[in-house]
Amino acid sequence: MVFDLDGCLYVGDQPVAGARKTLQRLRSRGFRLLFATNNSTKTAEVVADRLEAITGFTASADAVITSADAAATMLEEGDEPVMPIGEAGLVGTLVALGVSVTEDPSEAKTVMVGLDRAISYDRIRRAAQAVILGARFIGTNPDATFPTNAVPVPGAGAIIAAVERAAGRPPEFAGKPFAPMRAAIERRLGGGPTWMVGDRPDTDIACGRLAGWETVLVLTGVAADAIGLPPESTPDHVIPSVAALPAILGR
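Residues numbered from 1 in each chain as written. Predicted model: local features only at pLDDT ≥ 70, side-chain atom pairs only at ≥ 80, totals over all residues. Heavy atoms only, no water.

A. Spotlight on the side chain of Thr22. Mapped onto the secondary structure, Thr22 falls in helix 1 (residues 19–28). Apart from the residues within four sequence positions on either side, Thr22 is in contact with Val242, Ala243, Leu245 and Pro246. (Helix = DSSP H or I, 4+ residues; strand = E, 2+ residues; numbered from the N terminus. Contact = heavy atoms within 4.5 Å.)

B. Quick look at the nonpolar core. Ranked by size, the top nonpolar core spans 30 residues in total, and within it Met1, Phe3, Leu9, Phe35, Val197, Val242 and Leu245 carry the most contacts. Residue assignment for this core shows that the elements contributing at least two residues are strand 2 (10–11), helix 1, helix 2 (44–55), strand 12 (195–198), strand 13 (214–218) and helix 9 (245–249). No other element matches helix 2, which puts five residues into this core. Not counting residues within four places of it along the chain, the set of residues in contact with Phe35 comprises Phe3, Leu5, Leu9, Leu23, Leu51, Phe57, Ala59, Ala63, Val64 and Ile65. Ranked by size, the runner-up nonpolar core spans 24 residues in total, among them Ala68, Leu90, Val99 and Ile185. (Core = buried A, V, L, I, M, F, W, Y, C linked by side-chain atoms within 4.5 Å. Buried < 20%, exposed > 50% of the residue type's maximum accessible area, 1.4 Å probe, protein only.)

C. Structural detail: the sheet that holds strand 1 (residues 2–3). Read across the open sheet, the six strands follow the order 5-4-1-12-13-14; overall the sheet is parallel. In the strand order of this sheet, the two ends are held by strand 5 (64–66) and strand 14 (237–239), each with one partner. Where strand 1 and strand 4 (residues 34–37) come together, two bridges link them in parallel fashion. Along strand 4, the bridge assignment pairs Phe3 with Phe35. Packing of helix 8 (residues 201–211) onto the sheet brings it into contact with strand 12 and strand 13, and relative to strand 13 it is tilted by some 165°. (Pairing = 2+ DSSP bridges. Axes fitted to C-alpha atoms, helices over the stretch in contact; angles between N-to-C directions.)

What follows is the structure, given as structure tokens:
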């Protein structure tokens, strides 16, 4: 069972009603739970701590996959050093894996861009110049916004779009619904039936459909309904929140 986080189990710093009870119930019934987020601003360890702090449900860092984790799996021989444009989660993930990093556009072999709420013109400039000079261009995820308790705010996709526009070359994406995240999830879960639960049709639901998983759209985040969605992001089930999930699982 794969869950998105923000917009699915919590919104901002507030838990979705019934999230902890649902997760505890599923764990007690033998479901293996994994948490996959397109947010690259925090390491898996920090995400696990945040999940517990907000919802009260305890999960290990091994049960969390971020888009930074997925992006790191894409690196091949000759792709270092990497210029990371992002927050502590992206940089920390790379450093923890022993990946060499640089801020010099002429040295970078890869530019990896995620959400950076302190983004500046100079950082966009350096990223674009590195791509123009031939560096590989990886984006953590294409999300244009992410949910808050009020009006949505710009996401990683907005920053990536600025680099793409300036450099004239599109990125390879790591997060949901793209292949690197799907592969990372499958490596963690192993075989067997898989369910994908999330609030974004274009990332969460599309990810599940591309992988052949059962998909569940919750209406506590970005999506208000499933009306008019294209086939590739149409969910198998639509529920008001994760609190209704045990009912459709018969558990």
